[in-house]
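What follows is each chain in one-letter form.
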Amino acid sequence: MRLATWNINSIRTRVTRAVEFAVREDIDVLAFQEIKCKPDQFPYEPFEAAGYHVEVHGFNQWNGVAIASRLPITDVRTSFDGMPGFAKGHEGPDAPQEARALGVMVDGIRVWSLYVPNGRSLDDPHYTYKLHWLEQLKNATAAELAANPDLPLALVGDFNIIPFDADNGDPAIVEGVSTHVSPPERQAFFALADAGVTDVVRPLLPEGYTYWDYQRLKFPRNEGIRIDFILGSRALADAVTGASIHREERKGEQPSDHVPVVVDLAFGAVEEDDDLPMIFA
């Protein structure tokens, strides 16, 4: 199976790029974030014509997640247990949920497409919401894996966190001033390992950005950041045979500001002398 994640930054604007990428790269399951549309606005036809079924979760022109799959999709969930909500001026346990999570089962694999809250600024309520959201994600993941330790589970998407200094090539993002690099955010990201998931791409690709801001020539200057990840349970990590970050998708006409991240999965015995491909596409 080839599993990919991509913050597409408006699927209606970039549907042609998305479908062409999926077909050209032989993607079996492609998780999208920031689709910016409701289910009845999603451009299903080009995906269906290419052999994909699509599940969509979106409320309006903000946020939104989707999963396109060549394989049958079952057990669709639009939130994880305990997922908090948020609305400006509306704090507390009854705050409305945003369209930031979509979980499905595909060929025995639990796949979550996740669009982690941005945080906005260190003193914004959205930052507190982000940390709470990540804590509840950790708890829900730990509970699911405790109930089924051998489950191949993938948390994929835009985590809006730069885990290491080496992942930050944008001089405008500064610890102590900016979100994405604050110690509490990084701790929340690393705490997901306590739930039983690890970054399955970094061992094969220790370097590489996944996002470049549209402004101030960030892409030509390669002032990018790494915020898009595929985190996998032990059963999923053991099946990874390759990984790629598709930097070329940041070029061309109307690109997203993010690029796809892809892993190849092969469940079953793997020869000890098999080479694991490490590629930047």
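Notes on the structure in this doc start here. (Residues numbered from 1 in each chain as written. Predicted model: local features only at pLDDT ≥ 70, side-chain atom pairs only at ≥ 80, totals over all residues. Heavy atoms only, no water.)

### Considering the nonpolar core
Grouped together as the largest cluster of nonpolar side chains are 31 residues, with contacts concentrated most on Leu3, Ile67, Val201, Val263 and Leu265. At the level of secondary structure, the elements contributing two or more residues to this core comprise β2 (29-33), β4 (65-69), β6 (101-106), β7 (109-115), β8 (153-158), β11 (240-245) and β12 (261-265). If we skip the residues at most four places from it in the chain, valine 263 touches Met1, Arg2, Leu3, Val200, Val201, Ile230, Gly242 and Ala243. Among the nonpolar cores identified, the runner-up in size contains 25 residues, and Leu114, Leu151, Phe189 and Leu231 belong to it. (Core = buried A, V, L, I, M, F, W, Y, C linked by side-chain atoms within 4.5 Å. Buried < 20%, exposed > 50% of the residue type's maximum accessible area, 1.4 Å probe, protein only. Helix = DSSP H or I, 4+ residues; strand = E, 2+ residues; numbered from the N terminus. Contact = heavy atoms within 4.5 Å.)

### Brief notes about unusual backbone geometry
If you check the backbone angles, lysine 36 has positive phi at about 60° while not being a glycine. Position of lysine 36 among the secondary structure elements: in the loop between β2 and α2 (44-49). Among the residues examined, lysine 36 registers a relative accessible area of 22% and is labelled partly exposed. Within the chain, asparagine 63 stands out as a residue other than glycine whose phi angle is a positive 60°. Assignment of secondary structure puts asparagine 63 in the loop between β3 (53-57) and β4. By relative accessible area, which is 13% here, asparagine 63 ends up buried.

### Describing the environment of histidine 132
Along the polypeptide, histidine 132 turns up in helix α3 (residues 125-147). C-alpha separation for the pair histidine 132 and valine 19, spaced 113 residues apart in sequence, amounts to 34 Å.

### Observations concerning the environment of glutamine 33
You can see glutamine 33 is positioned in strand β2. Separated by 24 residues in sequence, glutamine 33 and histidine 57 place their C-alpha atoms 9.9 Å apart. A polar atom in the side chain of glutamine 33 sits 3.1 Å from the side chain of serine 113. (Polar contact = N/O pair within 3.5 Å; in protein donor to acceptor, adjacent residues only side chain to side chain.)

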